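Reading the structure
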Amino acid sequence: MAEPVRTDVAIVGAGPVGLFAVFECGMLKMRCHVFDALDVPGGQCAALYPEKPIYDIPGYPAIDAAALVEKLAEQAAPFAPVYHLGETVERLTREPGGGFRLATSGGAEVIATAVIVAAGVGAFGPNRPPLPGIEAYEGKSVFYYVQRRDAFRGKRVVIAGGGDSAVDWALALADVAARIMVVHRRAKFRAAPESAARLETLAKAGRIDLVVPYQLQALEGAGGMLSRVVVADLDGKTRALEADALLAFFGLSMSLGPIADWGLNLDRNHIAVTPSTSASSVPGIFAIGDIAAYPGKLKLILSGFAEAAQAAHAIYPLVHPGEALHFEYSTTKGVPGRS
Ligand SMILES: Cc1cc2nc3c(=O)[nH]c(=O)nc-3n(C[C@H](O)[C@H](O)[C@H](O)COP(=O)(O)OP(=O)(O)OC[C@H]3O[C@@H](n4cnc5c(N)ncnc54)[C@H](O)[C@@H]3O)c2cc1C
């Protein structure tokens, strides 16, 4: 078998925070391998809301989530990270000679001096509605994420769910789709009040159909393509909605997946860390971004960015033992290929 590749830092998760960690490690002369279960970088930004503007990234009054991911990848690029996309890190074990061995679902093995876990909500996946035969439609006409609004242009779309994602996508697709039908088991939506009010306005104007209180009951179609979504009210009375696509937004399952078996102290499905360094309970393993827990933690991208800088500084002595780290600004140091 081929010798495993060696690197300074292995980053588990290529969400916005994992991507920025590549930059911070690179600035401190540490090479990175980055792993993600998804086959694109960007984490929640790419999978859940690529076309939504984010308003609280410092320096960007508004930036679409997909554009932020692109910028972060561009900022990391001078440090030549090695990406392992579409690969879940399944095992993380300590190496006898120091460092850690990571083994992925795709069979890759990498040995790293230190590990940064930037795994967000863990190996996240959508909560699927329990509809018989739904697997045959998934990825063809049933979706749990929207990657491009345009994919629904001219289509009759059923959106199921009562939270922010369901309401926000109903609003965002109202101009693009031929018809939007929102199915929710209650008359009241749990979304931000302003969005719920906009939904009511569009419903009154006849631009969105509210199918409430109903729940999904069955799918009809052939070859993975939907023709009708059958819904039932609370008394079991059914109705069939002619549809080309179903978007089901019932939240994400927050399973830590394999990370729960890595021997780290957990705090309700998150990794407990020391706030000033992002160090976990296992020396050499750090956690940043949404997965990191400490008192007062704000699950924001900008908090994750600061945690990435702190973790990189804490890792430096592990990768460069005996070398003093002189704190320097990026303006002083410059970036390879840019300065
Ligand atoms: C609709 C919505 C709107 C939001 N708006 C804002 C906003 O306006 N401002 C803001 O600051 N934040 C916002 N957020 C939150 C923000 O997206 C998160 O804070 C951010 O994505 C966290 O980044 P992360 O890199 O820590 O994790 P994530 O983005 O969750 O990325 C983690 C990655 O790790 C991968 N992973 C997990 N386990 C493994 C494993 N074992 N092996 C390989 N890969 C693994 C996952 O596949 C995932 O891609 C919003 C979130 C949502 C859902």
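What the five strands build is an open sheet, ordered β10-β17-β11-β12-β13; its pairing is parallel. Whereas interior strands pair on both sides, the edge strands pair on one side only; in this sheet they are β10 (142-143) and β13 (209-211). Judged from the three bridges that link them, strand β12 (residues 179-183) and β13 form a sheet pairing that is parallel. Residue pairing across strands places M181 opposite D209, the latter belonging to β13. Running at roughly 160° to strand β11 (residues 156-160), helix α4 (residues 164-173) makes contact with β11, β12 and β17 (245-248) of the sheet.

Turning to the site of the ligand, a few remarks are in order. Neighbouring the ligand are 32 residues; D36, Y49, D56, V89 and D290 lie closest to it. Separating an oxygen atom of the ligand from a backbone N or O atom of V17 is a distance of 3.1 Å. Between the ligand and I301 there is a distance of 2.8 Å, counted from an oxygen atom to a backbone nitrogen or oxygen. The protein chains hide 87% of the 1,000 Å² of surface that the ligand would expose on its own. Mapped by element, the contributors of at least two residues to the shell around the ligand are α1 (16-27), β2 (32-36) and α2 (43-47). A per-class count over the shell around the ligand returns 18 nonpolar, nine polar and five charged.

With that out of the way, let us pick up a nonpolar patch on the surface. On the surface, L298, L300 and L302 cluster together into a nonpolar patch covering about 250 Å² of accessible area. By the element assignment, L300 lies in the loop between β22 (292-293) and α6 (301-319).

Taken as a whole, this structure holds five aromatic pairs when the rule is applied. Ring centres 4.9 Å apart and planes at 45° place the aromatic pair F20 and F305 in the tilted group. Linking F20 in helix α1 with F305 in helix α6, this pair joins segments that are 285 residues apart in sequence. Accessibility expressed as a relative area gives 14% for F305, which makes it buried. Arranged with centres 5.7 Å apart and planes meeting at 80°, the rings of F327 and Y329 form a pair that is edge-to-face. For Y329, a relative accessible area of 57% gives the class exposed. Put simply, the rings of F20, F23, F79 and F305 pair up and form one aromatic cluster. Taking NZ or CZ as reference, R239 lies 5.6 Å from the ring centre of Y214, over its face.

This model, assessed by the stated rule, comprises 15 salt bridges. E138 is the partner of R128 in a salt bridge, and the nearest nitrogen-oxygen pair spans 2.7 Å. Here E138 lies in the loop between β9 (125-126) and β10 and R128 lies in the loop between β9 and β10, a separation of 10 residues in the sequence. Residue class for R128 comes out partly exposed when judged on its relative accessible area of 48%. Between D267 and R268 there is a salt bridge; the shortest N-O distance is 3.5 Å.

Let us look at the side chain of D233. Relative to the helices and strands, D233 resides in strand β15 (residues 225-233). No salt bridge is formed by the buried D233; the nearest opposite charge belongs to K237, separated by 4.3 Å. Excluding anything up to four places from it in sequence, D233 contacts P213 and Y214.

As a further point, take the side chain of S280. Relative to the elements of secondary structure, S280 occurs in the loop between β20 (270-272) and β21 (285-287). The exposure class of S280 is buried, given its relative accessible area of 11%. A polar atom in the side chain of S280 sits 3.1 Å from the backbone nitrogen of V282. Among the polar contacts listed, one links the side chain of S280 to the backbone oxygen of I285, at a separation of 2.7 Å.

Right, let's talk about helix α5 (residues 193-204) for a bit. Here α5 contains 12 residues, and its C-alpha end-to-end distance of 16 Å stays within 8% of the 16 Å for a straight helix at 1.5 Å per residue. Check the buried side of α5 and you find it contacts α4, β12 and β13. Directly beyond the C-terminal end of α5, a positive phi value near 80° is found at G206.

Moving on, we get to the nonpolar core. Formed by 40 residues in total, the largest nonpolar core has its most connected members in V9, I11, M30, I116, I288 and I315. Only β1 (5-12), α1, β2, α3 (65-76), β8 (109-117) and α6 provide two or more residues apiece to this core. Sequence-distant contacts of V9, defined by excluding residues within four places in its chain, comprise C25, M30, R31, C32, H33, A112, A114, I116, I315 and V319.

Geometry of a packed helix pair, given as the angle between the helix axes and the separation of the axes. Where α1 meets α6, the closest approach of the two axes is 8 Å, and the angle between their N-to-C directions is 35°. Considering how the two elements wind past one another, α1 and α6 form a crossing that is right-handed. Contact residues: α1 offers P16, V17, F20, A21, E24 and C25, while α6 offers I301, G304, F305, A308, A309, A312 and H313. Split by residue class, the contact of α1 with α6 holds 10 nonpolar, two polar and one charged.

Basis of the calculations
- Residues numbered from 1 in each chain as written.
- Predicted model: local features only at pLDDT ≥ 70, side-chain atom pairs only at ≥ 80, totals over all residues.
- Heavy atoms only, no water.
- Pairing = 2+ DSSP bridges.
- Helix = DSSP H or I, 4+ residues; strand = E, 2+ residues; numbered from the N terminus.
- Contact = heavy atoms within 4.5 Å.
- Axes fitted to C-alpha atoms, helices over the stretch in contact; angles between N-to-C directions.
- Near = heavy atom within 4 Å.
- Polar contact = N/O pair within 3.5 Å; in protein donor to acceptor, adjacent residues only side chain to side chain.
- Areas by Shrake-Rupley, 256 points an atom, 1.4 Å probe, with all protein chains shown as cover.
- Nonpolar A, V, L, I, M, F, W, Y, C, P; charged D, E, K, R; others polar.
- Patch = residues over 30% accessible without salt bridge, like charges linked within 9 Å, V, L, I, M, F, W, Y side chains within 5 Å.
- Salt bridge = Lys/Arg side-chain N within 4 Å of Asp/Glu carboxyl O.
- Phe/Tyr/Trp six-rings, centres within 6.5 Å; stacked < 30°, edge-to-face > 60°.
- Buried < 20%, exposed > 50% of the residue type's maximum accessible area, 1.4 Å probe, protein only.
- Lys NZ or Arg CZ within 6 Å of the ring centre and 35° of its normal.
- Lys, Arg positive; Asp, Glu negative; His and termini not counted.
- Expected span 1.5 Å × (residues − 1).
- Core = buried A, V, L, I, M, F, W, Y, C linked by side-chain atoms within 4.5 Å.
- Left-handed = near helix turned anticlockwise from the far one by under 90°.

Function cannot be read off these values alone, since they describe shape.
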